[in-house]
Amino acid sequence: MTSAPLRFGLVGTGHWARIAHAPALAAAEGIELAAVWGRDPQAAARLAADFDAPAYQDLDAFLAAADGVAFAVPPDVQAPIAATAARAGKHLLLEKPVAISEAQADDLVEAVAEGQVASVVFFTLRFRAEMRAWLAEVTARGGWLGGAGSWFGSSLLASSPFNTPWRRDKGALWDIAPHVISVLWAVLGPVTSVTADAGPADVSHLILHHQGGPSSTVTVTQSGGEAAAEFECYVWGASGRAVAPAFTGDPLPPMRTALAELSGNIRSGRTEHPCDVRFGRDVGHVIAEAQRQIDRRHQAGG
Ligand SMILES: NC(=O)c1ccc[n+]([C@@H]2O[C@H](COP(=O)([O-])OP(=O)(O)OC[C@H]3O[C@@H](n4cnc5c(N)ncnc54)[C@H](OP(=O)(O)O)[C@@H]3O)[C@@H](O)[C@H]2O)c1
């Protein structure tokens, strides 16, 4: 027996929507890209036409046309629309960070519970096949005492298509630290506390304590420049040091995995996923606390 495709709507018409969400949704097995919404109707019409999907100007009509909604908009835009969608019973493919405001992140988690919908947050690294293989190997080995991760991105270069207002405002702490934390969290356990400081050039440094004792450090910037741009991560313990696989840029294979797992959950009625909205909220709380500490040091002249 074949079941009808799940209808997905896409919120957002920017660079990431065009290179990741739209092509992945349009090509995913068992999914139909059924609606596109953006605040710029012309951009929505263009993106929708390129992927053979209808564009909507009215958000309620857009939601009515979808079983699930994928988001490619800034976090403070995503969170309230996603909460409305979840309360209307729509499943969610979210982007990291799930929100900027902790209250909005908490409300989104509540909305997902109320709507009894499935959610996946696209922590890209966690959906890459090489990273999954590495995580399976290191978590099976266990005994890790600590780790370190860094990501020197280049999104704040004038030439970057990712140089958008919210990234300039919030920086790498909000944009890429969630990715690094999501990997260390998977190996070393839930983060129980963070100590944070910042340097010039959008650099943030975090010291994380993980449940059960391990600790780790994270350094991120979006001003790395293309030559310095790199993700690196390792964990260490009595059995040695295990280095995570390097990052490669193609977003489509991990996005296909995220969509396959989300649609599998929708079809089987499961709402839990290792990278679901609750995990996204928990990572966001670590980032928000780090931001508070950095702001306090800055105000104190540190
Ligand atoms: N998982 C990953 O590896 C990864 C990689 C890249 C991006 N992302 C995430 O994907 C999301 C989108 O990123 P992006 O690079 O495309 O840039 P972005 O600046 O986050 O989003 C651009 C889109 O958001 C729309 N937008 C901006 N402000 C809005 C508002 N107030 N109301 C409604 N729409 C608004 C823009 O519309 P206009 O065109 O009209 O301005 C455009 O459609 C972000 O959450 C980012 O974190 C994730």
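Calculation rules
- Residues numbered from 1 in each chain as written.
- Predicted model: local features only at pLDDT ≥ 70, side-chain atom pairs only at ≥ 80, totals over all residues.
- Heavy atoms only, no water.
- Helix = DSSP H or I, 4+ residues; strand = E, 2+ residues; numbered from the N terminus.
- Rg over C-alpha atoms; globule rule 2.2 N^0.38 Å.
- Buried < 20%, exposed > 50% of the residue type's maximum accessible area, 1.4 Å probe, protein only.
- Contact = heavy atoms within 4.5 Å.
- Areas by Shrake-Rupley, 256 points an atom, 1.4 Å probe, with all protein chains shown as cover.
- Phe/Tyr/Trp six-rings, centres within 6.5 Å; stacked < 30°, edge-to-face > 60°.
- Near = heavy atom within 4 Å.
- Polar contact = N/O pair within 3.5 Å; in protein donor to acceptor, adjacent residues only side chain to side chain.
- pLDDT = per-residue confidence, 0-100.
- Salt bridge = Lys/Arg side-chain N within 4 Å of Asp/Glu carboxyl O.
- Expected span 1.5 Å × (residues − 1).
- Bend = angle between axes of the 7 residues up to and from the residue.

**Here's the deal with the overall build of the chain**
Looking only at helices and strands, the chain has 11 helices and 12 strands in total. Taken over C-alpha atoms, the radius of gyration comes to 19 Å for the chain, in line with the 19 Å a tight globule of 302 residues would show. Burial statistics for the chain: of 302 residues in total, 51% are counted as buried. Counted over contacts in the chain with a minimum sequence separation of 6, partners at least 24 positions apart contribute 70%. Surface accessibility of the chain: about 13100 Å² in total, with carbon and sulfur atoms responsible for 53%.

**Things to note about the packing of aromatic side chains**
Taken as a whole, this structure holds seven aromatic pairs when the rule is applied. Summarising the aromatic geometry, the rings of Tyr56 and Phe62 are spaced 6.5 Å apart at their centres and angled 75° between planes, so their arrangement reads as edge-to-face. Here Tyr56 falls in the partly exposed class, since its relative accessible area comes to 24%. A relative accessible area of 0% places Phe62 in the buried class.

**What to know about the site of the ligand**
Neighbouring residues of the ligand: 21 residues in total, closest Thr13, Arg39, Thr124, Thr164 and Trp166. Contacts to the ligand include Arg39, whose side-chain N or O atom sits 2.8 Å from an oxygen atom. Burial of the ligand by the protein chains amounts to 81% of its free accessible area of 900 Å². If you list the elements that add at least two residues to the shell around the ligand, you get α1 (15-27) and α7 (165-175). Sort the elements by how many residues they give to the shell around the ligand and α7 lands first, with three residues.

**With respect to the confidence of the model for the chain**
Of the residues in the chain, 99% have a pLDDT of 70 or more, and the chain-wide mean is 96. Across the chain, the secondary-structure element scoring lowest on mean pLDDT is helix α9 (residues 225-228), at 71, and the one scoring highest is strand β5 (residues 91-94), at 99.

**Focus on the pattern of salt bridges**
Within the structure shown, the criterion is met by 14 salt bridges. Its salt-bridge partner being Glu130, residue Arg128 comes within 3.3 Å of it at the nearest N-O pair. For Arg128, a relative accessible area of 4% gives the class buried. Of the charged contacts in the structure, one is a salt bridge between Glu261 and Arg132, with a shortest N-O distance of 2.7 Å. Here Glu261, found in helix α10 (residues 252-268), pairs with Arg132, found in helix α6 (residues 129-141); they are 129 residues apart in sequence, far enough to count as distant. The class for Glu261 is partly exposed, based on a relative accessible area of 25%.

**So, α1**
The terminal C-alpha atoms of α1, which comprises 13 residues, lie 18 Å apart, in line with the 18 Å expected from a rise of 1.5 Å per residue. Along α1, the helix axis deviates most sharply at His21, where the bend reaches about 35°; the proline Pro23 sits within four residues downstream. The set of residues buried in α1 consists of Ala17, Ala20, His21, Ala22, Pro23, Ala24 and Leu25. In this structure, the buried side of α1 is in contact with β1 (6-11), β2 (31-37), α2 (41-50), β4 (68-71), β5 and α10.

**So, unusual backbone geometry**
Omega for the bond connecting Lys96 with Pro97 falls within 30 degrees of zero, at -15°, which places this linkage in the cis form. The residue Asp52 is not glycine, and still its phi comes out positive at about 60°. Residue position: Asp52 is located in the loop between α2 and β3 (55-56). Relative accessible area serves as the criterion here: at 75%, Asp52 is assigned to the exposed category. Of note in the backbone geometry, Gln116 takes a positive phi value of approximately 50° without being a glycine. Assignment of secondary structure puts Gln116 in the loop between α5 (102-115) and β6 (119-121). The class for Gln116 is exposed, based on a relative accessible area of 66%.

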